[in-house]
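# Observations on the model geometry
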Amino acid sequence: MPSYFEFLRRRPDHAVLLGGSALALVMVCLHAANEIESWNRARRNTELSVANLTLVTEQEVTSTLQIIDVSLKVIAELTELFPGRQLDAPAVGAVMKERRKDLPFVYQIAIFDSDGYTAQSTDDIPISTAITAADRDYFAAHRDDPARGLVFGTPIVGRTTQRLMIPISRRIAGSDGKFAGAVVAFTDLQKMAEVYDKIDVGPGGAIGIVRGDGTVLARFPYREDTIGSSRHDTLLF
């Protein structure tokens, strides 16, 4: 019986066939490897794009909140220039309205006195003595803790505006250092949604603003059922 090599010498066409099959196998492997590398490259590019988008969005939101905080500080400090902390001083109201123009997401800026009643507001709605903010968490935070700085309140539906908003506030101290009231910027979630809902974060992705205790202050794409819920027991914390 002839050996395999003797058989190949007699039938060289089989050797070519075997060689061609091996070459085809190598080409298929190389093609598969290229496809895998292309997929990995696309995945890395996508991850990089998402990371960059996340960073830019975070910086944008942070910058917006910092600008709001600066305005609140200016207004709170301005009240200290008036004897007896005249929270309803016209000059204070004028600055409030000017500052409000530079804050596109802020629906209203208001000053509340130590009892929670509105001293003045950038809104033209008549001030009601029947409505108080004394039961709001942001107001209680400033009233009960002199050391509290900027406070992000739980999202609320405004009693006069009927709009869902995030109250962002700072304490106003009297000349004796005691609690004299609070200045509050009511950030309109619908206005924020008009901007941030347009950002494509991919299927299932979302942009969220979450307070330190895990309370969801905002979520885009906008979903009202998530606002005010807690994420404290999730992987975010």
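Residues numbered from 1 in each chain as written. Predicted model: local features only at pLDDT ≥ 70, side-chain atom pairs only at ≥ 80, totals over all residues. Heavy atoms only, no water.

Here we come to the confidence of the model for the protein chain. With 72% of its residues at a pLDDT of at least 70, the protein chain reaches an overall mean of 79. The secondary structure element of the protein chain with the lowest average pLDDT is helix α1 (residues 4-10), at 45, and the one with the highest is helix α4 (residues 137-144), at 96. (pLDDT = per-residue confidence, 0-100. Helix = DSSP H or I, 4+ residues; strand = E, 2+ residues; numbered from the N terminus.)

This next bit is on the pairing of strand β1 (residues 106-113). Taken across its eight residues, β1 has six buried, putting it largely inside the fold. Looking at chain direction, β1 and strand β6 (residues 179-188) are connected through seven bridges and run antiparallel. Counted as the bridge partner of Ile111 is Val183 from β6. In this sheet, strand β2 (residues 118-121) lies alongside β1 in antiparallel orientation, the contact comprising three bridges. (Buried < 20%, exposed > 50% of the residue type's maximum accessible area, 1.4 Å probe, protein only. Pairing = 2+ DSSP bridges.)

Another aspect to go through is helix α3 (residues 90-101). Along its 12 residues, α3 runs 17 Å from first to last C-alpha, staying within 8% of the 16 Å computed at 1.5 Å per residue. Buried within α3 we find Val92, Gly93 and Met96. Buried residues of α3, viewed axially, fall in a sector of 100°; they line one side. Of the exposed residues in α3, those oriented more than 90 degrees away from the buried face are Pro90 and Lys101. (Expected span 1.5 Å × (residues − 1). Arc of directions from axis to C-beta.)

Of the positions making up helix α5 (residues 189-196), those classed as buried are Leu189, Met192, Ala193 and Tyr196. Taken around the axis of α5, the buried residues stretch over an arc of 105°, which confines them to a single face. Structurally, the start of α5 carries an N-cap: the backbone nitrogen of Gln190 is 2.9 Å from a side-chain oxygen of Asp188. (Polar contact = N/O pair within 3.5 Å; in protein donor to acceptor, adjacent residues only side chain to side chain.)

Another point: the packing of aromatic side chains. Per the stated rule, a full pass over the model turns up three aromatic pairs. Aromatic pair Phe112 and Phe186: ring centres 6.4 Å apart, planes at 85°, arrangement edge-to-face. With Phe112 in strand β1 and Phe186 in strand β6, this residue pair connects regions lying 74 residues apart in the sequence. Phe186 carries the same exposure label as Phe112, and that label is buried. Taking 5.2 Å as the distance between ring centres and 80° as the angle between the ring planes, the aromatic pair formed by Phe139 and Phe179 counts as edge-to-face. One end of the pair, Phe139, is in helix α4; the other, Phe179, is in strand β6, with 40 residues separating them in the sequence. For Phe179, a relative accessible area of 15% puts it in the buried group. Aromatic ring contacts, followed pair by pair, group Phe112, Tyr138 and Phe186 into a single cluster. (Phe/Tyr/Trp six-rings, centres within 6.5 Å; stacked < 30°, edge-to-face > 60°.)

With the rule as written, the count across this model stands at seven salt bridges. Between Asp137 and Arg211 there is a salt bridge whose closest N-O contact spans 3.7 Å. With Asp137 in helix α4 and Arg211 in the loop between β7 (207-210) and β8 (216-220), this pair connects stretches of sequence that are 74 residues apart. Measuring nitrogen to oxygen at the nearest pair gives 3.0 Å for the salt bridge that ties Arg143 to Asp144. A cluster of three or more residues bridged by salt bridges with shared partners is formed by Asp69, Lys73 and Arg170. (Salt bridge = Lys/Arg side-chain N within 4 Å of Asp/Glu carboxyl O.)

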